[in-house]
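Understanding the architecture of this molecule
Now for the letters of each chain:
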Amino acid sequence: RFWIQRSLPIHTCVAEEMMRQVMLAAVVVGVSGQNCQVSNPTTGESFDFSSLITAPYYTVNSVHYASYWFYFNICGPIDYANDPTLNPDICVPGQSTCCEVQDIDNKFEASAQYGMLSTGALSWWTGELPAGVPEAGPVYMSTNGTCTKGALGNVEASVFFVCDANAVTPQISMIDDNYWECYVKIIMRTSLACAGSSPPGPGPPPPPGPAPPAPPPGPQKSIGREGTPEDTGMFLCIFLFLFIFIYIGAGMAYNIKVKGMDKYDAAPNKEFWVTIPGLIGAGFEFTKVKVKEFIDKRRGGGYATL
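The following paragraphs examine the structure supplied in this document. (Residues numbered from 1 in each chain as written. Predicted model: local features only at pLDDT ≥ 70, side-chain atom pairs only at ≥ 80, totals over all residues. Heavy atoms only, no water.)

1. Comments concerning the overall build of the protein chain
- The number of helices and strands found in the protein chain is 5 helices and 11 strands.
- The buried share of the protein chain, taken over its 306 residues, is 33%.
- Summarising the internal contacts of the protein chain: among those between residues at least 6 apart in sequence, 53% fall at separations of at least 24.
- As displayed, the protein chain has an accessible area near 19300 Å², and 63% of this comes from carbon and sulfur atoms. (Helix = DSSP H or I, 4+ residues; strand = E, 2+ residues; numbered from the N terminus. Buried < 20%, exposed > 50% of the residue type's maximum accessible area, 1.4 Å probe, protein only. Contact = heavy atoms within 4.5 Å. Areas by Shrake-Rupley, 256 points an atom, 1.4 Å probe, with all protein chains shown as cover.)

2. Focus: the sheet that holds strand β5 (residues 96–104)
- One open sheet holds the 4 strands; their spatial order is β3-β4-β5-β6, and the pairing between them is antiparallel. Either end of the sheet is taken by a strand with one partner, and the two such strands are β3 (58–61) and β6 (107–116). Averaged over neighbouring strand pairs, the angle between their axes works out to 25° when direction is ignored.
- Where strand β4 (residues 68–72) lies against β5, 5 bridges are found, and the strand directions are antiparallel. Counted as the bridge partner of Phe-72 is Cys-98 from β5. (Pairing = 2+ DSSP bridges. Axes fitted to C-alpha atoms, helices over the stretch in contact; angles between N-to-C directions.)

3. A word on the environment of Thr-143
- Position of Thr-143 among the secondary structure elements: in strand β8 (residues 138–146).
- Looking at Thr-143, the relative accessible area reads 18%, which means it is buried.
- With 23 residues separating them in the primary sequence, Thr-143 and Gly-120 have C-alpha atoms 7.1 Å apart.
- In this structure Thr-143 touches Tyr-114, Gly-115, Met-116, Thr-119, Asn-154, Val-155 and Glu-156, once residues within four positions along its chain are discounted.

4. With respect to the nonpolar core
- Among the nonpolar cores identified, the biggest contains 32 residues, and Phe-49 and Phe-161 are the most heavily contacted of them.
- Within the residue set of this core, elements represented by two or more residues are β3, β4, β6, β7 (121–124), β9 (154–163) and β11 (183–190).
- Looking at this core, the element that brings in the most residues is β9, giving 4 residues.
- Those residues within four positions of Phe-161 in sequence are excluded, and the remaining contacts are Phe-49, Leu-52, Ile-74, Leu-122, Pro-138, Val-139, Tyr-140, Met-188, Thr-190 and Ala-193.
- Judged by nonpolar contacts, the second largest core, of 9 residues, contains Tyr-57, Trp-69, Cys-99 and Ala-110. (Core = buried A, V, L, I, M, F, W, Y, C linked by side-chain atoms within 4.5 Å.)

5. Concerning the sheet that holds β11
- Taken together, 5 strands build an open sheet; the order of strands is β7-β8-β9-β11-β10 and the sheet is mixed. Each end of this open sheet is capped by a strand with a single partner; those strands are β7 and β10 (171–178). Pairs of neighbouring strands in the sheet enclose a mean axial angle of 25°, with direction left out of account.
- Pairing of β9 with β11 involves 8 bridges; the strand directions are parallel. Counted as the bridge partner of Ser-158 is Lys-185 from β11.

6. A look at the state of the cysteines
- For the structure on display, the rule yields 4 disulfides.
- Each sulfur of the disulfide joining Cys-36 and Cys-75 lies 2.1 Å from the other. Taking the sign of the S-S torsion, 100° for the link of Cys-36 and Cys-75, the bridge is right-handed. One end of the pair, Cys-36, is in the loop between α2 (10–35) and β1 (37–39); the other, Cys-75, is in the loop between β4 and β5, and 39 residues separate them in sequence. Here Cys-36 and Cys-75 have matching classes, each one buried.
- Cys-91 shares a disulfide with Cys-99; S-S distance 1.9 Å. The disulfide joining Cys-91 to Cys-99 has a torsion of about 85° about its S-S bond and is therefore right-handed. The exposure classification of Cys-91 matches that of Cys-99, with both residues buried.
- Each disulfide in the protein chain links cysteines that, numbered along the sequence, combine into the pattern 1-2, 3-4, 5-7, 6-8.
- The structure places no disulfide on Cys-98, whose sulfur is separated from the nearest cysteine sulfur, that of Cys-99, by 7.5 Å. (Disulfide = S-S within 2.5 Å.)

7. Side note on the environment of Cys-182
- Examined against the element boundaries, Cys-182 turns out to sit in the loop between β10 and β11.
- Taking the C-alpha atoms as reference points, Cys-182 and Ala-157, 25 residues apart in sequence, are found 8.7 Å from one another.
- The residues contacting Cys-182, other than those within four sequence positions of it, are Tyr-114, Cys-147, Thr-148, Lys-149, Asn-154, Val-155 and Glu-156.

8. Thoughts on the pattern of salt bridges
- Scanning the model with the defined rule gives 2 salt bridges in all.
- When the shortest N-O distance is used, the salt bridge between Lys-290 and Glu-293 registers 3.8 Å. Of this pair, Lys-290 and Glu-293 are both found in helix α5 (residues 276–299), 3 residues apart, which corresponds to roughly one turn of the helix.
- A relative accessible area of 41% means that Lys-290 is categorised as partly exposed.
- With its nearest N and O atoms 3.3 Å apart, the salt bridge here joins Asp-296 to Lys-292. (Salt bridge = Lys/Arg side-chain N within 4 Å of Asp/Glu carboxyl O.)

Pasting the structure below:
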């Protein structure tokens, strides 16, 4: 694409860029008018969040993995046309509402798409309240197909709006994100979610969302999902299986080749292993006696078994 742009006349490149900006603006304006107003079904009061559409996007860090971030927007797509680190094949420009990115050696790369603009909708949440959400209220939800990692349901991104009269600028925090269950839940504290807030009038566009903090200088090893408890347990099981296999195989080979033992007697430390069942049985008998003694003492009588 870079080579083609350099070979085209200047006015062609300018026209192409103007068309892209016009199309993006049309998408944002159209969606904000349809999806960024919601009413309280109990009181009938209307809330307008159209002024919270931002460019290029909001950011929030994963609560489980320090190297993972989520870029998101409400009632409009995230715009990263000028961000070459995001892969358009994973998070489609002009269509993604929530994209997960990973910091790999100080470079951010797209890893998963959690929400699509075509599925985005602002509604009034009446289900079970997530942690940090004090009461039912507005929520912007978008999906991206069915979860394929084992959990039932869709890949889903949710932004819960919480009233904060002092939050003229939105305050963003993560509730939870789960790679295996394919969801991300975010809190946006804003004065626009408070009862009696007047609809925003015309004014300057909102400031761009905060950029992710710069990582410390020098190489930084990424914290990947290989550190999850499930993966750690699987690694230990595999390691234990290989250790037992090598222990038995190598021990038998040594006893047969070097000591000339019969293969039925060549198991390493056979004398020790054949005593294991007896030791286990003795342990059960000892425990049984001690439990009986304890019960007899609690009941106030009985004799200790010899």
